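Secondary and tertiary structure notes
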Amino acid sequence: MTFNSFSYFVFLSIVFFAFQAVAGRYRWLVLLAGSYVFYGFLLQPALLAILGFVTAFSYLAGKRIDRSEAAEKRKNLLFFSVFVNLSILVYCKYLVFLVENINLLAGLFSPGSSIPEVEPMVSIALSFFIFQAISYLADIYFRITEPEPHPGLFALYISFFPKLLQGPIERSGHLLPQLGKPYAFNYDDVRYGLLLFVWGLFLKTVVADRLAYFVDPVYDNVQAYSGIPLIMATYAYAFQLYFDFSGYTNMALGSARIFGISLTQNFKSPYLATSCTDFWRRWHISFSRWILDYIFQPLQMKWRSLGRNGTALALFVTFLLSGVWHGANWTFIAWGMLHGMFLVASTFYKPYQKKIHKILGLEKSSWHTAFQIFLTFNLVCFTYIFFRAADIQDALYIVNNMFNFHSNFLSIQNAGLKDFIIKQILSDNSKYELLILILSLATIFAVKKYNHISLFDKPLLIRWACYYCIFLGILSLHVSAKPNFIYFQF
Amino acid sequence: MTTEEILGRMTDVFRDVLDNDAIELSRETTANDIEEWDSLAHINIIVAIEQEFSLRFDLIDIKPLRNIGEFVDLIERKTS
């Protein structure tokens, strides 16, 4: 049951009316039961058991860490509880990958020797709620937060259905107080939540899923293309990923808001970032804060005697691990390493940046800012080649052939380009899709500019005209193939 | 060293590390008040403060700090 399915609308309505109908002291129970039912719809009893175990274990471990006074004991308890949580994640998500690579390596040194292969396991949502449990334990250890006394509220903090499958990864200090506070019906919250949800649905089903038409044919068969199609498909993927994930996030935020709960916004116009560092302040914010607070900062602190080299090393390791978090595949590891390398380069460049800009007179140049945005966007798109490609071979093929225009690519002598233009852009169906995409993107720009919250200040007629437009737009223009959310796999 | 002296020297460090001469620190200032003070810059500031006051912090000292006032108190405790 994903956010873009009819069953989710039914589910959300039932939970909402049950939430309103029960007495205040049982409202958390409605949300908790709803969250477990929601996760149960995946029909994976093992995942439900793991969710229950991680919740119970982290609840007790948090109390234990808090009760311990001796610094050494607190530290050992933290390491043990993080180790247990991570072991579950590694076992479910990375074991197949580890065994494959161990066997590959063993084959090089001693042909014929191998360890038995293991069956892949479903690990949907694991990396999100386990990261949340780890942040809770670390925050208790660092005395940033108190342990939650109410086991039911803690269970809800871990499993709250709007953010269970794909985040945002919420800090206990932000979400738990909201879950525990008395609820009072607020019409504006419900209205804003529903609008946010519907807007997210539009981004996902009309825009992101439509962009897939221009991405999938190329990325599913990269060897058939070279030059422009590879570049265009990669640009299209950058926007597909953004609208898919930000669409999902809006739907998560909207679902939570109708219960009076504000989740963390994950995006802040990421493709307007002026550097790769700036990109990570704007992209998947709840995740980037997590890796920076719980991986980068401890490493940077540990290696601070190495100065700038220590910072660079800490950044590289952090982003390498961020690649690993995204999935057990060398493509994600390469993606993380590329981001790590860009950030390392910016660490060494930064001390000279201001001086160079001053010498070249670029300090207040809007052209220079535009160039920085263009460059950052292209670097990010380059990393997406690895993020999207089916395997490393495909990714390397794209890297080697994306600028292979042959001698005269504009005359459409390039078979790949000709094929791409005829099949993907000029066919009747594609022209229609392209037109819808352009109109949708224009709508998104208009909404960004005029901010949809201000819609509520408009007269009734205009408000309802907008609601109908979005609603009819989704009904008539949604892509019926209903692909899943991209971040669902992580 | 008085609280004002510590705050003054900290302000210089913040301006230098975050490359922003407009920064003014008070006991109530938090990371939310200074745009450049994010997770990436945080430890750079801590390390520069360590050098400024010839101190050494552990992560567990600095993680619970909620505002500049608590940071000043920590420096006072460590230097006294």
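Nothing here was measured: the structure is a model prediction, and the numbers come from that model.

**Examining the environment of Val122(A)**
Mapped onto the secondary structure, Val122(A) falls in the loop between helix H4 (71-109) and helix H5 (126-141). Sequence-distant contacts of Val122(A), defined by excluding residues within four places in its chain, comprise Gln44(A) and Leu47(A).

**Structural notes on the domain arrangement of chain A**
Residues and elements named next belong to chain A. Annotation of chain A at the domain level lists domain 1 (6-183) and domain 2 (190-489). Taking only C-alpha atoms, the centre of domain 1 and the centre of domain 2 are 27 Å apart. Contact residues are listed per partner, giving 38 residues for domain 1 and 36 residues for domain 2. Between domain 1 and domain 2, roughly 3300 Å² of surface is buried when both sides are summed, and carbon and sulfur atoms account for 67% of that area. For the domain 1 face of the interface with domain 2, the top three residues by lost area are Phe97, Phe131 and Gln166, together amounting to 21%. Viewed at the interface, domain 2 and domain 1 are joined by 1 salt bridge. We note a salt bridge from aspartate 293 to arginine 171, for which the minimum N-O separation is 3.2 Å. Run the count over domain 1 and domain 2 and you get 15 residue pairs in polar contact (both at pLDDT 80 or more). Broken down by secondary-structure element, the contributors of at least two residues to the side of domain 1 that touches domain 2 are helix H1 (6-21), H4, H5, helix H7 (161-164) and helix H8 (172-180).

**Quick look at the confidence of the model for chain B**
Residues of chain B with pLDDT of at least 70 account for 100%, and the chain-wide mean is 89. Here the predicted complex carries an ipTM of 0.89, next to a pTM of 0.86.

**Brief notes about the pattern of salt bridges**
Residue and element names in this part refer to chain B. Considering all chains together, one arrives at 16 salt bridges over all chains under this definition. Ionic pairing is found between arginine 9 and glutamate 52, a salt bridge with its closest N-O pair at 2.8 Å. Here the residue arginine 9 occupies a position in helix H1 (residues 3-18), and glutamate 52 occupies one in helix H2 (residues 39-53), the gap between them amounting to 43 residues. What makes glutamate 52 partly exposed here is its relative accessible area of 32%. Of the charged contacts, one joins aspartate 61 and lysine 78 as a salt bridge, the two residues approaching to 3.2 Å between their closest N and O atoms.

**Concerning the interface of chain A and chain B**
Every contact between the two is made by 18 residues of chain A and, on the other side, 18 residues of chain B. Summing both partners gives a buried area of about 1700 Å² for chain A against chain B, and 60% of it is carried by carbon and sulfur. If you sort the residues of chain A by the area they bury against chain B, Phe142(A), Met301(A) and Arg304(A) come out on top, with a joint share of 37%. Run the count over chain A and chain B and you get 2 salt bridges. Of the charged contacts in the structure, one is a salt bridge between Arg281(A) and Asp38(B), with a shortest N-O distance of 2.2 Å. Our count for the contact surface shared by chain A and chain B stands at 8 residue pairs in polar contact (both at pLDDT 80 or more). Mapped onto the side of chain A that touches chain B, the elements with two or more residues apiece are helix H11 (276-282), helix H12 (285-302) and helix H13 (308-326) of chain A. Considering every element that reaches the side of chain A that touches chain B, the biggest residue donor is H12(A), with 8 residues. Each residue belonging to the side of chain A that touches chain B can be placed in one class, and the counts come to 8 nonpolar, 4 polar and 6 charged.

**What to know about H4(A)**
The end-to-end C-alpha separation of H4(A) is 45 Å, well short of the 57 Å expected for 39 residues at 1.5 Å each. Tyr94(A) marks the point of greatest bend in H4(A), at about 70 degrees.

**Structural notes on unusual backbone geometry**
Residue Pro168(A) follows Gly167(A) across a cis peptide bond; omega there is 5 degrees. Mapped onto the elements of the fold, Pro168(A) is located in the loop between H7 and H8. Of note in the backbone geometry, Leu43(A) takes a positive phi value of approximately 60 degrees without being a glycine. Mapped onto the elements of the fold, Leu43(A) is located in the loop between helix H2 (27-40) and helix H3 (45-67). Judged by its relative accessible area of 70%, Leu43(A) falls in the exposed class. Unlike most non-glycine residues, Ser54(B) shows phi in positive territory, near 50 degrees.

**Points about a positive patch on the surface**
Together, Lys63(A), Arg64(A), Arg67(A) and Lys73(A) make up a positively charged patch on the protein surface. Broken down by element, the positive patch gets its largest block of residues, 3 residues, from H3(A).

**Focus on the side chain of Lys93(A)**
Residues and elements named next belong to chain A. Mapped onto the elements of the fold, lysine 93 is located in helix H4. Although lysine 93 is buried, it makes no salt bridge; glutamate 100 carries the closest opposite charge, 15 Å away. There is a polar contact of 3.3 Å between the side chain of lysine 93 and the side chain of serine 127. Among the polar contacts listed, one links the side chain of lysine 93 to the backbone oxygen of tryptophan 325, at a separation of 2.7 Å.

Rules used throughout
- Residues numbered from 1 in each chain as written.
- Chains lettered and ligands numbered in written order.
- Predicted model: local features only at pLDDT ≥ 70, side-chain atom pairs only at ≥ 80, totals over all residues.
- Heavy atoms only, no water.
- Helix = DSSP H or I, 4+ residues; strand = E, 2+ residues; numbered from the N terminus.
- Contact = heavy atoms within 4.5 Å.
- Domains from an automatic or database assignment.
- Buried area = accessible area lost by both parts, 1.4 Å probe.
- Salt bridge = Lys/Arg side-chain N within 4 Å of Asp/Glu carboxyl O.
- Polar contact = N/O pair within 3.5 Å; in protein donor to acceptor, adjacent residues only side chain to side chain.
- pLDDT = per-residue confidence, 0-100.
- Buried < 20%, exposed > 50% of the residue type's maximum accessible area, 1.4 Å probe, protein only.
- Nonpolar A, V, L, I, M, F, W, Y, C, P; charged D, E, K, R; others polar.
- Expected span 1.5 Å × (residues − 1).
- Bend = angle between axes of the 7 residues up to and from the residue.
- Patch = residues over 30% accessible without salt bridge, like charges linked within 9 Å, V, L, I, M, F, W, Y side chains within 5 Å.
- Areas by Shrake-Rupley, 256 points an atom, 1.4 Å probe, with all protein chains shown as cover.
- Lys, Arg positive; Asp, Glu negative; His and termini not counted.
- Charge placed at Lys NZ, Arg CZ, Asp CG, Glu CD.

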